[in-house]
Every structure is written in C-alpha cells, then in structure tokens.
Amino acid sequence: MTEPLLPAELLARLERLQLSTRRRLSGFQTAQHRSVRHGTSLDFADYRQYHPGDDFRRIDYNLYARLDVLALKLFEAEDDITVRLLIDTSASMVAPKLDQAVRAAAAVGWIALCRRDAVVVHTFTGAAPARFRGRSDAPALFAHLERLVADGDTRFVAAASDLLARPGPRGMTVLVSDLMTPEWETGLARLPARGSDVSVIHVLDRAEIEPDLFGDVELVDAETGRGVPISVTADVLKDYRKTAQAWLDDVSARCRYVGASYIRLFADDPLEDTLVGGWRAAGTLK
C-alpha cells in the first residue's frame, strides 16, 4: 500500500491553520483573508458619508444622534488569495530533497485550499502552471506534486520572470528550492516585484552542509554530470563547512533584504516542527 503524501493526523492539524499575508490583497472570491475592499464581515473598518441610494441599514444611528452626521459603517471584506508555489525541480533536487520539497508544498497547498484560496504550482521547467481551488482539489494537487521529478539545470531567473509575467492578482509566492545556482540572488530579487508576499523554503540535504567524506573522492555535479577529483582532509572539511555556513547566512540575509520570510528545511527535518513552527514564529501562519 502506498504511503500517503501527508499523514491524516497532520492534515487535520494543518486544516486549523491559515496563511497570513502582511499586505492587504484583493482576490476574486469570498474566502477568509482581509481584502483591500470593504464588504460585509463583522470587523469594522471605517466610516464614509451617507449618499442618497446607500443602504440605510448601514447608517450608524448612534453617531447620528451624537453628532447629527449621517455616515455609513464600512466593514472588512474577506477575499481569497492566490498562493503561487514555485518549486525547484532541477537535478540538484534529487531525493531526499525533492521528497521533502513536495511534502512542504503539499502542506502549504492544503492549508490554502482548506481556506478556499487558489493554489497555482509553477516549476523551474517552464511548463504551464497547474491550478487548483477549494478543498475538493486537494487530491489532484497532491497527485500533481507526487509526479514531479528532479531533472535538468536550475532555471531560477527564467522561472521567476515567467511567474511575474503571468496575469493575475497579487497574493503569496512560496519558493521551494535548494538555491544551488549562481543566479540565486538575482532570482530572489525578482520575486517581490509582483507585489506579493514572498516566502522561501530552503530545502537542503544535511550532507551538503556537513559532508561525511575523507580521502580521495570525486564530486559529481548533479546537473552537469561533471566530476571533480578532490582530496578531502580535516582542514578541507573545516574550510568547506565554514564556506557553507557563510552561504547559508547570505541566503537568509538576502531574503530579509527583499522582504521575504525564510525557513531552512533539511530533508530529514520533521515537517510540522520546522516548517509550521517556523512560519508561525514569522507570522506567515496563524
């Protein structure tokens, strides 16, 4: 029997959560997020002057009794948002990284669909995005994510540019990638240009940061297949780990600089503790 993408008990806990945007974003359908428009929820937003033809039931008669002013109460609208999942499917994302990336994307997508938000899945391949809306689309979303394969080179800048060029409302962009490309800074800088909230889930294999190697080995680039012979000593390992940590610090700092939330997710990390806990702390989930 095939193991489910996400266990039922985790889905039940995720169902109680909601994605939180730092900007007020207007969608297309009624859902459960603050909108830039005014609507008919129970949360008071503002007043405006009464004009003939307005709904007299929305007049604040208490204000009229005190100040002799006819004004309407305005309330917050609650709209859907579009959650764009941009998933790195380059060859460097081979298992176990892609497996964890797919689980993370499924968790985010499930939370959004349960709140009637739209979910659009983009990949680095340039293929047409897949669109899902509503809880009933969750099985199709999970099936689509499970079919993703890691292949080819990292086309981050091209994928980010393609995402920005597509029409649609502002919303939330969630990048799921190992960012192992020389163009990672350029790609990150482009994502906020749409005006959406941006979140980065940085998926890594722990062995990439703290390799357990020694002696004469050949390192093979997963995307180009090119091999590099190297003699690994204690000093080489020490320098490598120092360089890797500096890169991680740079990625985190660059995300903060462009206004994106950042979560580092290793392939063997418990998804709920790391992703959900980290996003709650960052205010991305509530």
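Since this is a predicted model, take the numbers as computed values, not measurements.

Some thoughts on unusual backbone geometry
- That bond from Ala95 to Pro96 is cis: its omega, 10 degrees, falls within 30 degrees of zero.
- Of note, Pro96 is situated in the loop between strand 3 (82-87) and helix 3 (97-114).
- A positive phi is found at Arg116, a non-glycine position, where the angle reads about 65 degrees.
- Position of Arg116 relative to the elements: it lies in the loop between helix 3 and strand 4 (118-123).
- Its identity as a non-glycine residue notwithstanding, Leu179 has a phi of 60 degrees, on the positive side.

Some remarks on empty space enclosed by the protein
- Counted by the stated rule, this structure contains one cavity of 30 Å³ or more.
- For the largest cavity, the calculated volume is near 30 Å³.
- What lines the largest cavity is Leu86, His122, Thr123, Gly126, Ala127, Ala159, Asp162 and Leu163.
- Elements represented by at least two residues in the lining of the largest cavity include exactly strand 4 and helix 5 (156-165).
- At three residues, helix 5 tops the list of elements feeding residues into the lining of the largest cavity.

Quick word on helix 3
- For helix 3, built from 18 residues, the straight-helix expectation of 26 Å at 1.5 Å per residue is met to within 8% by its first-to-last C-alpha distance of 26 Å.
- Most of helix 3 sits out of view: 16 of its 18 residues are buried.
- Positive phi appears at Arg116, one or two residues downstream of helix 3, with a value of about 65 degrees.

Looking at the layout of surface pockets
- Considered as a void within the structure, the largest pocket measures approximately 870 Å³ in volume.
- Every element with two or more residues in the lining of the largest pocket is listed here: helix 7 (206-209), strand 8 (215-220), strand 9 (227-232) and helix 8 (234-257).
- For the lining of the largest pocket, the element with the highest residue contribution is helix 8, accounting for six residues.
- Tallied by class, the residues present in the lining of the largest pocket amount to 19 nonpolar, three polar and seven charged.

Here's the deal with the pairing of strand 10 (residues 261-266)
- Of all six residues that make up strand 10, five are buried, and the element is covered over most of its length.
- Sheet analysis places strand 7 (residues 197-204) next to strand 10, joined by six bridges and oriented parallel. Bridge pairing in strand 10 places Ile201 opposite Ile263.

Structural notes on the environment of Thr233
- As for its placement among the helices and strands, Thr233 is situated in the loop between strand 9 and helix 8.
- A relative accessible area of 34% places Thr233 in the partly exposed class.
- Distance from Thr233 to Phe214, taken between C-alpha atoms, is 6.1 Å for residues 19 residues apart in sequence.

Thoughts on a nonpolar patch on the surface
- A surface patch of nonpolar side chains, about 420 Å² in accessible area, is lined by Phe56, Tyr61, Tyr64 and Leu70.
- Locating Tyr64 in the fold gives a position in helix 2 (residues 61-67).

Thoughts on the sheet that holds strand 4
- Across the sheet, which stays open at both edges, the six strands sit in the order 5-4-3-6-7-10 with mixed pairing between neighbours. The sheet is open, and its two borders are formed by strand 5 (130-133) and strand 10, each paired with just one other strand. Going across the sheet, the axis of each strand differs from the next one's by a mean of 20 degrees, ignoring polarity.
- Pairing geometry for strand 3 and strand 6 (residues 172-177), over five bridges, is parallel.

Cut-offs and rules
- Residues numbered from 1 in each chain as written.
- Predicted model: local features only at pLDDT ≥ 70, side-chain atom pairs only at ≥ 80, totals over all residues.
- Heavy atoms only, no water.
- Helix = DSSP H or I, 4+ residues; strand = E, 2+ residues; numbered from the N terminus.
- 1 Å grid on protein atoms, 1.4 Å probe; cavity = no way out; pocket = protein on both sides within 12 Å on 5 of 7 lines; lining within 4 Å.
- Points joined across faces, edges and corners; volume = space filled by probe spheres on them.
- Expected span 1.5 Å × (residues − 1).
- Buried < 20%, exposed > 50% of the residue type's maximum accessible area, 1.4 Å probe, protein only.
- Nonpolar A, V, L, I, M, F, W, Y, C, P; charged D, E, K, R; others polar.
- Pairing = 2+ DSSP bridges.
- Patch = residues over 30% accessible without salt bridge, like charges linked within 9 Å, V, L, I, M, F, W, Y side chains within 5 Å.
- Areas by Shrake-Rupley, 256 points an atom, 1.4 Å probe, with all protein chains shown as cover.
- Salt bridge = Lys/Arg side-chain N within 4 Å of Asp/Glu carboxyl O.
- Axes fitted to C-alpha atoms, helices over the stretch in contact; angles between N-to-C directions.

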